[in-house]
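Below are the chains, spelled out letter by letter.
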Amino acid sequence: SIMKMEIGKTYLVKKDIFSFRKNELWTLVDKGFQAYFGEYNFIFVNDEKAKVSAVLQDGSEEDMHIYHHLDDYFEEVAHEYF
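The shown structure was predicted, so the numbers you read here are calculated from the model rather than taken from an experiment. (Residues numbered from 1 in each chain as written. Predicted model: local features only at pLDDT ≥ 70, side-chain atom pairs only at ≥ 80, totals over all residues. Heavy atoms only, no water.)

1. Digging into the nonpolar core
Here's step 1: Counting residues in each nonpolar core, the largest one holds 20 residues, and the members touching the most others are Met 5, Phe 20, Phe 42, Phe 44, Leu 56, Leu 70 and Phe 74.
Here's step 2: Among the elements of the structure, strand S1 (10-13), strand S2 (25-34), strand S3 (39-45), strand S4 (51-57) and helix H1 (61-68) are those that each provide at least two residues to this core. (Core = buried A, V, L, I, M, F, W, Y, C linked by side-chain atoms within 4.5 Å. Buried < 20%, exposed > 50% of the residue type's maximum accessible area, 1.4 Å probe, protein only. Helix = DSSP H or I, 4+ residues; strand = E, 2+ residues; numbered from the N terminus.)

This is the structure we're talking about:
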């Protein structure tokens, strides 16, 4: 089953993906699906308030493999954001 990434939750990066590096902590602040473009969008911020957007495209086999295996890359953690 697909990991449910929830807005407001913090995730530990388990292995490098996109511009995320292993052991970093990122909080999901927004997500959505743009049907017209077939894109899954995830926007994360870290404690330094840096913002990173991850886009997974419906038409990309590689992206969809990642989308269906997000738990290989991210692990939900309890994290005091402020």
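Still more ground to cover, so stick around.
2. Some remarks on the environment of Val 29
Here's step 1: Relative to the helices and strands, Val 29 resides in strand S2.
Here's step 2: Classification of Val 29 by relative accessible area gives partly exposed; the value is 35%.
Here's step 3: It is 10.0 Å that separates the C-alpha atoms of Val 29 and Asn 46, two residues lying 17 residues apart in sequence.
Here's step 4: In this view, Val 29 contacts Ile 7, Ile 43, Phe 44 and Val 45; residues no more than four positions away in its chain are not counted. (Contact = heavy atoms within 4.5 Å.)

3. What to know about the pattern of salt bridges
Here's step 1: Tallied over the entire structure, the rule returns two salt bridges.
Here's step 2: Among the salt bridges present, the one from Glu 6 reaches Lys 9, with a minimum N-O distance of 3.5 Å.
Here's step 3: Residue classification places Lys 9 among the partly exposed residues on the basis of a relative accessible area of 29%.
Here's step 4: Across the pair Glu 76 and Lys 9 runs a salt bridge, and its minimum N-O distance is 3.5 Å. Taken together, the positions of Glu 76 in strand S5 (residues 74-77) and Lys 9 in the segment before S1 put the pair 67 residues apart, joining distant regions of the chain.
Here's step 5: Take Glu 76: its relative accessible area is 40%, and that puts it in the partly exposed class.
Here's step 6: Where salt bridges share partners, they join Glu 6, Lys 9 and Glu 76 into one cluster. (Salt bridge = Lys/Arg side-chain N within 4 Å of Asp/Glu carboxyl O.)

4. Description of empty space enclosed by the protein
Here's step 1: Counted according to the given criterion, the structure contains one cavity of 30 Å³ or more.
Here's step 2: Its volume calculated, the largest cavity comes out at about 70 Å³.
Here's step 3: Lining the largest cavity are Met 5, Ile 17, Phe 18, Phe 42, Phe 44, Ala 54, Leu 56, Ile 66, Leu 70 and Phe 74.
Here's step 4: Looking at the lining of the largest cavity, the elements with two or more residues in it are S3 and S4.
Here's step 5: Of the residues in the lining of the largest cavity, the class split is ten nonpolar, no polar and no charged. (1 Å grid on protein atoms, 1.4 Å probe; cavity = no way out; pocket = protein on both sides within 12 Å on 5 of 7 lines; lining within 4 Å. Points joined across faces, edges and corners; volume = space filled by probe spheres on them. Nonpolar A, V, L, I, M, F, W, Y, C, P; charged D, E, K, R; others polar.)

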